[in-house]
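# What the coordinates show
For reference, the chains in residue letters:
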Amino acid sequence: MTARGSAVVLQAAAVCLQYPDDEVLAMLPLVHRAVDELDPGRPRERLGSFLGFVTRTAPAALAEHYVETFDRRRRCCPYLTWWTEGETRRRGVALAGLKARYRAAGFTLTGAELPDFLPVVCEYAATVDLADALALLQAHRAGLELLRLALTDAGTPYAGPVEAVCALLPGPSPTDVAAARRLARTGPPREQVGLDLAPFTPGGSP
């Protein structure tokens, strides 16, 4: 996929993975048109499937589904450093490092979201530094893949945008939790600090 196509995929995912308030819902028709113009492939297919779900779902039901998926399921956590650092002081250091990384690239966080929130990382990729953001996503590949597996196991269409992001990264996506564990073991050493995959059980909830 071209750099422009990758940027479109990541911008679309950034919108799709946010809480569906009025502002996000107003952007979705434009997102849908941009996705329709992508070259055929898995990112277009998975984003299109999610956008079809949004079109068929009432806003109130969509909002409740988002809360049920991301707020009430610990293993569907969309914050990347949670997967690597957990709820430790190391996570604060990691978040500060991300903020510094963004500032160095000229990317200013304007909302209240943390810098490791997956839509924020995707926004950074799409609008500021695609290569650096893809490297950042690859550094957190194990957690990203575990999020994808958890969303898939939960049966939520929100797996679609995450699958689209994973499809942009080098190498095949792990097909199961064991493969994601192997990826965590063979990834960059900093990924493994605080990474505890043992409690992950498909189908489990907090």
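The model shown is predicted, which means the values in this text are computed figures rather than measured ones.

Attention now goes to the nonpolar core. Within the largest apolar cluster, 56 residues are counted, with the highest numbers of intra-cluster contacts made by Leu 10, Tyr 102, Leu 118, Leu 137, Leu 144 and Val 162. Here the element with the most residues in this core is helix α1 (residues 3-16); it accounts for 8 residues. When sequence neighbours within four positions are dropped, the list of residues in contact with Tyr 102 reads Phe 107, Leu 109, Pro 115, Val 120, Val 121, Tyr 124 and Leu 136.

Looking now at the side chain of Thr 156. Structurally, Thr 156 is set in the loop between α9 (141-154) and α10 (159-166). The class for Thr 156 is buried, based on a relative accessible area of 6%. Those residues in contact with Thr 156 that sit more than four places away from it in its chain are His 65, Thr 69 and Leu 151.

Along its 15 residues, helix α2 (residues 22-36) runs 22 Å from first to last C-alpha, staying within 8% of the 21 Å computed at 1.5 Å per residue. The largest bend in α2 amounts to roughly 35° and is located at Leu 28, with the proline Pro 29 lying one to four residues further along. Listed as buried for α2 are Val 24, Leu 28, Val 31 and Val 35. The secondary structure elements touched by the buried residues of α2 are α1 and α3 (42-56). The N-capping residue of α2, defined by a side-chain oxygen 3.2 Å from the backbone nitrogen of Glu 23, is Asp 21.

Moving on, we come to the confidence of the model for the protein. A residue-level look at the protein finds 83% of positions with pLDDT of 70 or above and a mean pLDDT of 85. Taken as a whole, residues 186-206 scores under 50 in pLDDT and shows 46 contacts with residues more than four places along the chain or in a different chain.

Rules and cut-offs
- Residues numbered from 1 in each chain as written.
- Predicted model: local features only at pLDDT ≥ 70, side-chain atom pairs only at ≥ 80, totals over all residues.
- Heavy atoms only, no water.
- Core = buried A, V, L, I, M, F, W, Y, C linked by side-chain atoms within 4.5 Å.
- Buried < 20%, exposed > 50% of the residue type's maximum accessible area, 1.4 Å probe, protein only.
- Helix = DSSP H or I, 4+ residues; strand = E, 2+ residues; numbered from the N terminus.
- Contact = heavy atoms within 4.5 Å.
- Expected span 1.5 Å × (residues − 1).
- Bend = angle between axes of the 7 residues up to and from the residue.
- Polar contact = N/O pair within 3.5 Å; in protein donor to acceptor, adjacent residues only side chain to side chain.
- pLDDT = per-residue confidence, 0-100.

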